[in-house]
Amino acid sequence: MDLKFKVLKETSYGARLGEFKTKWGTHKTPMFMPVGTQATVKTLSPEELKDAHADIILSNTYHLWLRPGEDIVDNAGGLHEFMNYKTGPILTDCGGFQVFSLAKPKDISEEGVKFKSHLDGKELLLTPEKSIEIQNKLGSDIIMSFDECPPYPVTHEYMKNSVERTLRWAKRSLDANKKRETQAQFGIVQGGEFEDLRKWSAIETSKLDFDGYSVGGVSVGEDPITKLKMIEYATAYLPKDKIRYLMGVGEPVDLIDGVIRGIDIFDCVLPTRLARHGNALTRNGRTNIRNAKFIKDLTPIEEDCDCYTCKNYTKSYIRHLIVSDESFGQRLISIHNIRFLTKLMEDIRYHIEKDDLLEFREEFVSKYNKKQ
RNA sequence: GCGAGUUUGGUGAAGUGGUUAACACGGCGGAUUGUGGUCCCGUUAUGCGUGGGUUCGAUUCCCACAUCUCGCC
């Protein structure tokens, strides 16, 4: 499916303001996608997501394959119907990241990856064809090609073999997609911290007819400078007229830095995971709501925030909920954290339009890194 | 009033005549980047009811007092 991506404005250093279309409407980039691994953005309803200005979410092939199974979702009429998310598109991840994150005894071959299910220990084989078949049944709007996300660090030789195999998997993933008319498909660039491999991966993947291109294998434990280089090495060789998606990155400053290097969309578990552990994102950095200093604090998490949480609840109350392990507290902070990131993306778009994004970055970083 | 037993941090509790008094919970702080929601890391009693005594040395042994529990009058 053609996403009709348009770059509306590009800065001299490569930050882009754009938009793309799905049957759900027109979507502005740069944008941030909250993660709903198991057909739910943890603790939140679709209405709450919409109110937090999240208009696209990510869900996960691997998890839904294991439970409840793609046929169950298909039987319900697809993921949107199954989870009652009918306000925007869904992108499904391919399962390749689990090769890295589950890090169990794994067996990667040309055919695919052998996993042991984390639910019952059963041995499973995930291949490019299987990943695409599952995503076809899930009925997401954007599907991801199957890739390998190697750990960090890894030798140049290992990475070279991995990148070449990921490219072959990308071709097989493309061939396997039976629903190209209704489901857009992205390829994934790998290559670790190696410039030659990132370049090769970006150029070769770009030759394939994808609707967008992802930069994967970032934020896997590398230092901050290496992280930025990984992105630059890839985006330098990606087509300018297609969406670029930086996978798994969600620290506020990283989002700005990604946009500056030409990234259009991001996803990350950070806002919801931090929320479940009592951490709120604010302009002045992260705030651990558990801290005793908030015990009698009757102000909202952020005074000028327009989210449901900040308009209605105090830090004193939210702290009590988190300390008492009440899920409503996790939900309230999740709402705020997602709104914080969608608002950040709105600000980023505004400053690309004004062409002062670099100045905005300096101002943002100076406040965000200053611990109150 | 008499007899027996009890007394270790915020809580539940281990423990020993000899350097820094287990462990758990709680508290305080941290961590968290394509999510195995309940996970992880650090820290938290200069003191073992009070006062004496024995001993080179006592939270550990002895005495008195206090405390709470049980039994008897």
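Along each chain, residues carry numbers from 1 onward, in the same order as the chain's sequence is written. Going through the entries in the order they are written, you letter the chains from A and number the ligands from 1. Selection of residues for local features in this predicted model requires a pLDDT of at least 70, selection of side-chain atom pairs for listing and counting requires 80 or more, and totals for whole chains, interfaces and linings are taken over all residues. Side-chain numbers here rest on the full set of heavy atoms in the structure, without hydrogens or water.

Before going further, it helps to examine unusual backbone geometry. Across the junction of Arg-67 and Pro-68, the peptide omega takes the value 10 degrees, indicating a cis bond. Helix and strand labels come from DSSP, where a helix needs a run of H or I of at least four residues and a strand needs a run of E of at least two; each type is numbered from the N terminus. Mapped onto the elements, Pro-68 comes out in the loop between α2 (61–66) and α3 (70–75). The linkage connecting Tyr-152 with the following residue, Pro-153, adopts the cis geometry, with an omega of -5 degrees. Here Pro-153 lies in the loop between β10 (142–144) and α7 (156–176). We note that Asn-84 has phi near 55 degrees; this positive angle belongs to a residue other than glycine. On the secondary structure map, Asn-84 appears in the loop between α4 (79–82) and β6 (90–93).

Between any two strands, at least two bridges found by DSSP are needed for them to pair. Ordered in space as β1-β2-β3, the three strands form an open sheet in which the pairing is antiparallel. Each edge of the open sheet is held by one strand with a lone partner, namely β1 (6–10) and β3 (25–29). Averaged over all pairs of adjacent strands, the angle between their axes in this sheet comes to 20 degrees, without regard to strand direction. Strand direction decides the pairing type here: strand β2 (residues 16–22) and β3, joined by five bridges, are antiparallel. Of the residues in β3, the one forming a bridge with Phe-20 is His-27. Helix-sheet contacts for helix α14 (residues 327–353) involve β1, β2 and β3, and the interaxial angle to β2 is about 125 degrees. Simply put, an axis is a line fit to the C-alpha atoms, just over the touching stretch for a helix, and the angle between two N-to-C directions goes from 0 to 180 degrees. Every residue pair with non-hydrogen atoms within 4.5 Å of one another is taken to be in contact.

Moving on, we get to the packing of helix α10 (residues 252–260) against α14. Their axes nearest at 11 Å, the elements α10 and α14 cross at an angle of 30 degrees. The angle between α10 and α14 places the two elements in the roughly parallel class. The element α10 and its partner α14 pack so that their crossing is right-handed. Residues Pro-252, Leu-255, Ile-256 and Val-259 of α10 form the contact with α14, whose participating residues are Phe-340, Leu-341, Leu-344, Met-345, Ile-348 and Ile-352. Any residue that is not Ala, Val, Leu, Ile, Met, Phe, Trp, Tyr, Cys, Pro, Asp, Glu, Lys or Arg is counted as polar, Gly included; the first ten are nonpolar and the last four charged. The class makeup of the residues in the contact of α10 with α14 is ten nonpolar, no polar and no charged. Oblique is the label for any angle not under 35 degrees, not over 145, and not in the 65 to 115 range, which are roughly parallel, roughly antiparallel and roughly perpendicular in turn. Note on convention: the crossing is left-handed when the near helix lies turned anticlockwise from the far helix by less than a right angle, right-handed when the turn is clockwise.

pLDDT expresses, on a scale from 0 to 100, how confident the predictor is about each individual residue. Across chain A, pLDDT averages 96, with 98% of residues at or above 70. In the predicted complex, the global pTM is 0.95; the interface-specific ipTM is 0.92.

Residue burial is assigned from relative accessible area. The probe radius is 1.4 Å, only protein chains are included, and a residue is buried under 20% of its type maximum, exposed over 50%, and partly exposed in between. Judged by how many residues are buried, α10 sits mostly within the fold: nine of nine residues are covered. Those residues of α10 lying buried are Pro-252, Val-253, Asp-254, Leu-255, Ile-256, Asp-257, Gly-258, Val-259 and Ile-260. Taken from the residues just after α10, Gly-262 is the one with a positive phi, measuring 95 degrees.

Note on ring pairs: Phe, Tyr and Trp rings are taken, using the six-membered ring of Trp, and paired if centres are within 6.5 Å. Classes follow the plane angle, with under 30 degrees stacked, over 60 edge-to-face and the rest tilted. Summed over all chains, the structure comprises nine aromatic pairs. Arranged with centres 5.7 Å apart and planes meeting at 65 degrees, the rings of Tyr-308 and Tyr-313 form a pair that is edge-to-face. Judged by relative accessible area, which is 38%, Tyr-308 ranks as partly exposed. Relative to Phe-364, the ring of Phe-360 has its centre 6.0 Å away and its plane inclined at 45 degrees; by these criteria the two rings are tilted. You can see Phe-360 and its partner Phe-364 sitting in helix α15 (residues 357–368), four residues apart, about one turn around the helix. Here the aromatic cluster, defined as three or more aromatic residues joined through ring pairs, consists of Tyr-308, Tyr-313, Tyr-317 and Phe-328.

Right, let's talk about the pattern of salt bridges for a bit. Salt bridge criterion: a side-chain nitrogen from Lys or Arg within 4 Å of a carboxyl oxygen from Asp or Glu. Going through the model one piece at a time under the given rule, you end up with 28 salt bridges. Arg-16 is paired through a salt bridge with Asp-264; the nearest N and O atoms lie 2.9 Å apart. In this pair, Arg-16 sits in strand β2 while Asp-264 sits in the loop between α10 and β14 (265–268), placing the two residues 248 residues apart along the sequence. Since its relative accessible area comes to 0%, Arg-16 is described here as buried. Look at the salt bridges and you will find they share partners, linking Glu-70, Asp-71, Lys-130, Glu-133 and Lys-137 into a network.

The next point concerns the packing of helix α8 (residues 195–206) against helix α9 (residues 224–235). It is the contact of α8 with α9, at a shortest axis distance of 8 Å, that shows an interaxial angle of 40 degrees. By the angle class used here, α8 and α9 are oblique. Note on packing geometry: the crossing formed by α8 with α9 is right-handed. Residue-level contacts link Glu-195, Arg-198, Lys-199 and Ala-202 of α8 to Met-230, Tyr-233 and Ala-234 of α9.

If you trace the eight strands from one edge of the open sheet to the other, you get β4-β14-β13-β12-β11-β10-β6-β5, paired in parallel fashion. Each of the sheet's edge strands pairs with one partner strand only, and the pair in question is β4 (31–34) and β5 (57–60). If you compare each strand with its neighbour and ignore which way they point, the axes differ by 25 degrees on average. Note that strand β12 (residues 212–215) and strand β13 (residues 243–246) share four bridges and pair parallel. Looking across to β13, one finds that Ser-214 is bridged to Tyr-245. In the packing of helix α6 (residues 128–138) onto the sheet, contacts are made with β6, β10 and β11 (184–189), and the angle to β10 comes to roughly 165 degrees.

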